[in-house]
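Each chain, letter by letter, is given below.
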Amino acid sequence: MSSIIQLLPDHVANQIAAGEVVQRPASVVKELLENAVDAKATDIKLIIKDAGKSLVQVIDNGVGMTVTDARLCFARHATSKIRQAEDLFSLGTKGFRGEALASIAAIAHMEMKTKQDQDELGTHIIIEGSKFVSQEVAVLPKGTSFAVKNLFFNIPARRNFLKSDTVEFRHVMDEFQRVALAHPNIHFSFYHNGSEMYNLPGAGYRQRIVGIMSGKTNEKLVPVNEDTEIINVQGFVCKPEFAKKNRGEQFFFVNDRFIKSSFLHHAVMSAYDGLLKDGSQPSYFLYLQVPPNTIDINIHPTKTEIKFDDEQALYAILRASIKHSLGQFNVAPVLDFDRDANLDTPYHYKDLGAEVPTIQVDGTFNPFTDDKTNQHYSKAGSGSSGYSSGSSFSSSSGSSFSGSSYSGYSKRVEPIASWESLYTGLDVENPESIESSPFTFENEEVTSSLFNDEDVEQATQKTYQIHKKYIVSPIKSGMIIVDQQRAHQRILYEQFLLNMTVNQAASQQLLFPLDLFYSASEMELIEELKPSLATTGFVFDESKTDHIVISGIPVNITESEVPLVIEQLLSDLQDGIPANSYSQNDTIAKSMAKSLAVKTGSYLTEKEQDNLVNGLFACKDPNISPFQKPTFITMRVEDIDKKFAV
């Protein structure tokens, strides 16, 4: 029998590797940006078109490559980062496998331009699907430029599985933010379809975080700084009152590499224990420095997962560091942290006695002089009646002063019409003699009843609230038990959907417009949602680069609920907006209903309970909530009787 095992051709092996390395345009962005950082670049520019499907270009001013290296970098497992296996435990670079460029070149049209500083000319290479099309000498600036065009051109199935441009752009934005946050000393710029998204000059960690997120982020940040033999923790956490529904602004960096770790996230959440509302997630930007030989990065193709030698110690240090910072900056109540020494009483004040305050008297002061500055010592009114016209005074020196001649005191002004004329003809001495005519009001309503009151049978049906969660209402066959939160979700869902599809939604104008700040990726999503939100009653003024201005809101939303509604909407649509309009309206109506529905644990008055039950059964589908969960159950009298049967 002949041998059946054979080596795969390079282009086939590269396409297989591309399945792990390159999942979407954001994967290309990540690999090229990390290569630029490894090349010691101080200025990196990212240019994309059509969310990276048509073009991903990264230009840097790094060290560049020689002619030989420029050709060899597209070979599999060719790298300048490591030389032997032991180097995997002392990595100081982002890449080390040598598969990224070979995998990208196998599934796209790729163009590379590179030049070293000491060389006069550079190298220009064009590759299409692992095949070298041309290699030429060119006049180029120092550094390297990679342009990846027509991603997945030779794998149509992979290209068809890509999401919409909005979703893919958000993934690209996430990768750019992660690399830019990890290296604040590098100047990053980002362009999408010709529009500048970011221009981040080199700065410190705080300035880079504020530059990427929004201008209002600065007031939310609480610094964290702890240096131990095991780990060095730096960065920022956000104050509990600025916690969000989603986990979009949570970043861990280990040795300047972005990672995901549910274990370390749990340490952060435990530090916020008792400070957050249910379902809220704190934002944090934490930079951890550990010895390279205590971590293992080579466990996942995307290199976002890391194994630590001593996870328990890292957990304890991280948790204590964050609790310390929250207490030190008076975010959380504490007893054992250092207080501000400026508020303490100095020691040399300890034995000082109280001093008797000195009183100074101006002996030359005379209130009866004509000096204009003394006019404030007497004002017109009842207190000046003693100095009115016609009265005179004598001073101790024998000189007389007439009130009419002293301008410092105002004179009583007699009214033109005496107030007594208003009560002419009234016997003031005998108030009982004053007759008052009966008062009549125009707004009194005379209601008539078709039946006499005694003929109307008083309604005995009532609703009851149990544990601030369920509403019990009797019916003819027994009783129904309604889940108040799910029922209200169903009512609001149908109201919003009706306003968005059939009726013209009413809007209430705000006296003072709302300014809400969001990150660049969230602003992109809001811009796409604006037409649908306008049909629900939102009125948007001109939007800025990092915030929106809302001048009108739906009538069934209060002003304080607007940030919560939009935040929940962004959280629900973080995986993308549905393509067709009905699905988009349905998603928005569900999200807003979930945000505004009365929550479990809320007390409802009897009238609110009745309105909730009546509103539920006025819906088209009262049996289930918008999220396919039952809104009520029915208990018949027979079922109750069985419970009491012996």
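Residues numbered from 1 in each chain as written. Predicted model: local features only at pLDDT ≥ 70, side-chain atom pairs only at ≥ 80, totals over all residues. Heavy atoms only, no water.

Peer 1: Can you break down the pattern of salt bridges residue by residue, with the values?
Peer 2: Going through the model one piece at a time under the given rule, you end up with 11 salt bridges. Between Glu249 and Lys244 there is a salt bridge, with the nearest N and O atoms lying 3.0 Å from each other. Two residues, Asp586 and Lys590, come together in a salt bridge whose shortest N-O distance is 3.3 Å. Linking Asp586 with Lys590, this pair stays in helix 13 (residues 581-596), spanning four residues, or about one helical turn. Overall, the relative accessible area of 13% leaves Asp586 in the buried class. Assessed through its relative accessible area of 25%, Lys590 is described here as partly exposed. (Salt bridge = Lys/Arg side-chain N within 4 Å of Asp/Glu carboxyl O. Helix = DSSP H or I, 4+ residues; strand = E, 2+ residues; numbered from the N terminus. Buried < 20%, exposed > 50% of the residue type's maximum accessible area, 1.4 Å probe, protein only.)

Peer 1: Which residues make up the sheet that holds strand 20 (residues 478-483), and what are the values?
Peer 2: The strand order 18-19-20-24 describes an open sheet built from four strands, whose pairing is antiparallel. The open sheet has two edge strands, strand 18 (464-466) and strand 24 (632-636), and neither has a second partner. Strand-to-strand twist of the sheet, defined as the mean angle between neighbouring strand axes without regard to direction, takes the value 25°. In terms of strand pairing, strand 20 meets strand 24 through five bridges, oriented antiparallel. Bridge pairing links Gly478 to Arg636 in strand 24. In the packing of helix 10 (residues 484-501) onto the sheet, the strands contacted are strand 18, strand 19 (470-475) and strand 20, and the crossing angle to strand 20 comes to about 75°. Strands strand 20 and strand 24 of the sheet are contacted by helix 15 (residues 637-644), whose axis makes an angle of about 65° with strand 24. (Pairing = 2+ DSSP bridges. Axes fitted to C-alpha atoms, helices over the stretch in contact; angles between N-to-C directions. Contact = heavy atoms within 4.5 Å.)

Peer 1: Run through empty space enclosed by the protein, naming residues and quoting values.
Peer 2: The full count for this structure, using the stated rule, is three cavities of 30 Å³ or more. In this model, the second largest cavity occupies a volume close to 90 Å³. Forming the walls of the second largest cavity are 13 residues, and the residues nearest its centre are Ser214, Thr217, Lys220, Lys244 and Glu249. Of the residues contributing to the lining of the second largest cavity, the split by class is five nonpolar, four polar and four charged. (1 Å grid on protein atoms, 1.4 Å probe; cavity = no way out; pocket = protein on both sides within 12 Å on 5 of 7 lines; lining within 4 Å. Points joined across faces, edges and corners; volume = space filled by probe spheres on them. Nonpolar A, V, L, I, M, F, W, Y, C, P; charged D, E, K, R; others polar.)

Peer 1: I'd like a description of the pairing of strand 5 (residues 131-138), backed by residues and values.
Peer 2: In this sheet, strand 5 lies alongside strand 4 (residues 122-128) in antiparallel orientation, the contact comprising seven bridges. Bridge pairing in strand 5 links Ile125 to Gln135. Joining the antiparallel neighbours strand 4 and strand 5 is a turn of two residues, in which Gly129 adopts a positive phi near 60°.

Peer 1: Break down the packing of aromatic side chains for me, with residues and values.
Peer 2: Tallying each qualifying case throughout the model produces 17 aromatic pairs. Relative to Phe146, the ring of Phe74 has its centre 6.4 Å away and its plane inclined at 75°; by these criteria the two rings are edge-to-face. In this pair, Phe74 is assigned in the loop between helix 3 (67-72) and helix 4 (100-106) and Phe146 in strand 6 (residues 143-149), connecting sequence segments 72 residues apart. You can call Phe146 buried: its relative accessible area is 6%. Sitting over the face of the ring of Phe132, Arg71 holds its NZ or CZ atom 3.7 Å from the ring centroid. (Phe/Tyr/Trp six-rings, centres within 6.5 Å; stacked < 30°, edge-to-face > 60°. Lys NZ or Arg CZ within 6 Å of the ring centre and 35° of its normal.)

Peer 1: Account for the side chain of Gln484, with residues named and values stated.
Peer 2: Looking at where Gln484 falls in the secondary structure, it is placed in helix 10. Within the local environment of Gln484, its side chain forms a polar contact with the backbone oxygen of Lys599, the two atoms lying 3.2 Å apart. In contact with Gln484, not counting residues within four places along its chain, are Gln465, Lys468, Lys469, Ile471, Val598, Lys599, Thr600, Gly601, Ser602, Leu604 and Leu612. (Polar contact = N/O pair within 3.5 Å; in protein donor to acceptor, adjacent residues only side chain to side chain.)

Peer 1: I'd like a rundown of the sheet that holds strand 13 (residues 284-289), residues and numbers included.
Peer 2: Read from one edge of the open sheet, five strands run 9-10-13-11-12, paired in mixed fashion. Either end of the sheet is taken by a strand with one partner, and the two such strands are strand 9 (221-227) and strand 12 (257-259). Averaged over all neighbouring strand pairs, the angle between strand axes comes to 20°, with direction disregarded. Both strand 10 (residues 232-238) and strand 13 contribute to a ladder of six bridges, which runs antiparallel. Its bridge partner lying in strand 13, Asn232 is registered against Gln289. Across the sheet, helix 6 (residues 165-182) touches strand 11 (250-254), strand 12 and strand 13, and the angle it forms with strand 11 is around 50°.

Peer 1: Give a description of the environment of Ser551 that names residues and reports values.
Peer 2: With respect to the secondary-structure elements, Ser551 resides in strand 23 (residues 547-554). Residue classification places Ser551 among the buried positions, given a relative accessible area of 9%. C-alpha separation for the pair Ser551 and Phe512, spaced 39 residues apart in sequence, amounts to 7.3 Å. Once residues within four sequence positions are removed from consideration, Ser551 is found in contact with Gln508, Gln509, Leu510, Pro513, Val539 and Asp541. Only 3.1 Å separates the side chain of Ser551 from the side chain of Asp541, close enough to count as a polar contact.

Peer 1: Please provide a residue-by-residue account of the packing of helix 6 against helix 7 (residues 205-212), values included.
Peer 2: Put simply, helix 6 and helix 7 touch, their axes get as near as 9 Å, and they point 160° apart. Looking at the two axes, helix 6 sits roughly antiparallel to helix 7. In this structure, the crossing between helix 6 and helix 7 has a hand that is right-handed. In contact with Gln177, Ala180 and Leu181 of helix 6, helix 7 contributes Tyr205, Arg208, Ile209 and Ile212. Of the residues contributing to the contact of helix 6 with helix 7, the split by class is five nonpolar, one polar and one charged. (Parallel < 35°, antiparallel > 145°, perpendicular 65-115°, else oblique. Left-handed = near helix turned anticlockwise from the far one by under 90°.)

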